[in-house]
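Now for the letters of each chain:
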Amino acid sequence: QISESLQPDQDVHVQLFRHIMEQFDDILQSNDYRNIQLLSAIRAVGIFSKAIQTILGDEKLWDYIEKLTELSEQRLIKEFMDQANPHSDLHNFKYNLKKQKQLIAYIESYSFIIRNLAREPSERFLQHFMRIGSIGVNNHRKLYNKYRFRFYESLSQLTMSLSNF
């Protein structure tokens, strides 16, 4: 909805959008970022995927998904694999819930991106998401009860996005 409300014929919208995306490009190009910044960049690209496609072009959206997949493989997979049961580790309860919410937002963001791709995602991307999905499914009993439905909903959104190809 945010992405669709940007008007490509309004120069101020285009300039502001380009500036925002340049900020995320800077984060992705530097190696000096924290995982939360990478997750924020993924979320932003997901939210703005339609605007990226409309204003910056299909190739730029493709470049984002390739770069984000590469960085995710290097930095985020390990973090998501270390799922702890929030009920058994009460000391880190909030931290574990935060990681679970991030996993769900991560999957949702990629489903938004895929919906706006002009061509089918690469095999590397599909393998990456098979790993992410299996991490979530293997750990679904550890998911906080209120997050389970949203997790499965995000997986189904991703699958539905892939069904367009």
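Since this is a predicted model, take the numbers as computed values, not measurements. (Residues numbered from 1 in each chain as written. Predicted model: local features only at pLDDT ≥ 70, side-chain atom pairs only at ≥ 80, totals over all residues. Heavy atoms only, no water.)

Caption draft 1: Molecular detail of the nonpolar core. Grouped together as the largest cluster of nonpolar side chains are 43 residues, with contacts concentrated most on Tyr-106, Ile-107 and Tyr-110. Within the residue set of this core, elements represented by two or more residues are helix H2 (11-29), helix H3 (35-47), helix H4 (49-56), helix H5 (58-75), helix H6 (77-81), helix H7 (93-115), helix H8 (123-138) and helix H9 (145-162). For this core, the element with the highest residue contribution is H7, accounting for 8 residues. (Core = buried A, V, L, I, M, F, W, Y, C linked by side-chain atoms within 4.5 Å. Buried < 20%, exposed > 50% of the residue type's maximum accessible area, 1.4 Å probe, protein only. Helix = DSSP H or I, 4+ residues; strand = E, 2+ residues; numbered from the N terminus.)

Caption draft 2: The packing of H2 against H3, seen in detail. Orientation of H2 relative to H3, taken along the N-to-C sense of each, is 140 degrees, at an axis distance of 10 Å. Taken together, the axes of H2 and H3 are oblique relative to one another. The two elements H2 and H3 meet at a crossing, and its hand is left-handed. In this structure, H2 contributes Met-21, Phe-24, Ile-27 and Leu-28 to the contact, and H3 contributes Gln-37, Leu-38, Ser-40, Ala-41, Ala-44 and Val-45. Of the residues that constitute the contact of H2 with H3, the class distribution is 8 nonpolar, 2 polar and no charged. (Axes fitted to C-alpha atoms, helices over the stretch in contact; angles between N-to-C directions. Parallel < 35°, antiparallel > 145°, perpendicular 65-115°, else oblique. Left-handed = near helix turned anticlockwise from the far one by under 90°. Contact = heavy atoms within 4.5 Å. Nonpolar A, V, L, I, M, F, W, Y, C, P; charged D, E, K, R; others polar.)

Caption draft 3: Just the pattern of salt bridges, in detail. What the rule picks out here adds up to 6 salt bridges. A salt bridge links Arg-119 to Glu-59, with the nearest nitrogen and oxygen atoms 3.5 Å apart. With Arg-119 in the loop between H7 and H8 and Glu-59 in helix H5, this residue pair connects regions lying 60 residues apart in the sequence. Judged by relative accessible area, Glu-59 falls into the partly exposed class, the value being 44%. (Salt bridge = Lys/Arg side-chain N within 4 Å of Asp/Glu carboxyl O.)

Caption draft 4: Layout of the environment of His-140. Take His-140: it is sitting in the loop between H8 and H9. By relative accessible area, which is 22% here, His-140 ends up partly exposed. The spacing of His-140 and Phe-151 is 11 residues in sequence and 8.4 Å in space, taken between C-alpha atoms. Residues within four places of His-140 in sequence aside, it is in contact with Arg-148 and Tyr-152.

Caption draft 5: Structural detail: the confidence of the model for the protein chain. The predicted model of the protein chain has a mean per-residue pLDDT of 83, with 88% of residues at 70 or higher. Across the protein chain, the element-wise mean pLDDT spans from 59 in helix H1 (residues 2-5) up to 91 in H4. (pLDDT = per-residue confidence, 0-100.)

Caption draft 6: Broad picture of the side chain of Thr-69. Mapped onto the fold, Thr-69 is located in helix H5. Given the relative accessible area of 2%, Thr-69 is considered buried.

Caption draft 7: Region of the structure containing H2. Here H2 spans 26 Å end to end across 19 residues, near enough to the 27 Å set by a 1.5 Å rise per residue. Among all positions in H2, only Val-14, Phe-17, Met-21, Phe-24, Asp-25 and Leu-28 are buried. One face of H2 carries all of its buried residues, which in axial projection span an arc of 110 degrees. Pointing more than 90 degrees away from the buried face of H2 are the exposed residues Asp-11, Val-12 and Leu-16. Looking at the buried residues of H2, the elements they touch are H3, H4 and H5. (Expected span 1.5 Å × (residues − 1). Arc of directions from axis to C-beta.)

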